[in-house]
Amino acid sequence: QVQLVESGGGLVQAGGSLRLSCAASGSISSMNDMGWYRQAPGKQRELVAGVTTGGSTNYADSVKGRFTISRDNARNTVYLQMNSLKPEDTAVYYCNAKITSRYPRRLGDYWGQGTQVTVSS
């Protein structure tokens, strides 16, 4: 069984910073593409940032220049450094990872439980 566990959310004032972490555990053969999504109340879940196995990154236009995604393959962990936070960044943030499990050996799409980020004005 593969699990993703997130941490690092919370309440911060506008202009502040937070760092989200998402660690994968369980019967893992390899980690593939990873990413962060968010969902604000009444809105659809949207991609915030993604990072490929090779380290290529992509960002939503709304967070470019403020957020940075990174991964530590040795720790099966993905991070999201969020700077210059704005009230409109308030949402539940979810990590996502494409993971090949050992037993059974298969590629699966996994989600974390979500972590709340609230930015006050």
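Definitions and cut-offs
- Residues numbered from 1 in each chain as written.
- Predicted model: local features only at pLDDT ≥ 70, side-chain atom pairs only at ≥ 80, totals over all residues.
- Heavy atoms only, no water.
- Helix = DSSP H or I, 4+ residues; strand = E, 2+ residues; numbered from the N terminus.
- Contact = heavy atoms within 4.5 Å.
- Disulfide = S-S within 2.5 Å.
- Buried < 20%, exposed > 50% of the residue type's maximum accessible area, 1.4 Å probe, protein only.
- Core = buried A, V, L, I, M, F, W, Y, C linked by side-chain atoms within 4.5 Å.
- Salt bridge = Lys/Arg side-chain N within 4 Å of Asp/Glu carboxyl O.

Draft legend 1. Layout of the environment of Val117. Mapped onto the secondary structure, Val117 falls in strand β11 (residues 115–120). In sequence terms Val117 and Gly10 are 107 residues apart; their C-alpha atoms lie 5.1 Å from each other. Leaving out residues up to four positions away in the same chain, Val117 has contacts with Gly9, Gly10, Leu18, Leu20, Met82, Asp89, Thr90, Ala91 and Tyr93.

Draft legend 2. Summary view of the state of the cysteines. For the structure on display, the rule yields 1 disulfide. With its sulfur 1.9 Å from that of its partner, Cys22 forms a disulfide with Cys95. Between Cys22 and Cys95 the sulfur-sulfur dihedral comes to about 40°; the bridge is accordingly right-handed. Of the two residues, Cys22 is situated in strand β3 (residues 18–26) and Cys95 in strand β9 (residues 91–101); the sequence distance between them amounts to 73 residues. The pair Cys22 / Cys95 is uniform in exposure class, with both members buried.

Draft legend 3. Focus on the nonpolar core. Trp36, Leu80, Met82, Tyr93 and Ile99 are the most contacted members of the largest nonpolar core, which has 31 residues in total. Put simply, the parts of the chain that give this core at least two residues each are β1 (2–7), β3, β4 (28–39), β5 (46–51), β7 (67–72), β8 (77–82), β9 and β11. For this core, the element with the highest residue contribution is β9, accounting for 5 residues.

Draft legend 4. Up close: the pattern of salt bridges. Scanning the model with the defined rule gives 6 salt bridges in all. The shortest N-O distance in the salt bridge between Arg38 and Asp89 comes to 3.0 Å. Linking Arg38 in strand β4 with Asp89 in the loop between β8 and β9, this pair joins segments that are 51 residues apart in sequence. Of the two residues examined, Arg38 and Asp89, each falls in the buried class. The network of salt bridges with shared partners includes Arg38, Glu46, Arg66 and Asp89.

Draft legend 5. Structural context of the environment of Val119. With respect to the helices and strands, Val119 occurs in strand β11. On the basis of relative accessible area, Val119 is assigned to the buried category, the value being 5%. For the pair Val119 and Ala14, spaced 105 residues apart in sequence, the C-alpha separation works out to 5.7 Å. Leave out the neighbours within four places in its chain, and Val119 touches Val12, Gln13, Ala14, Leu85, Lys86, Pro87, Asp89 and Thr90.

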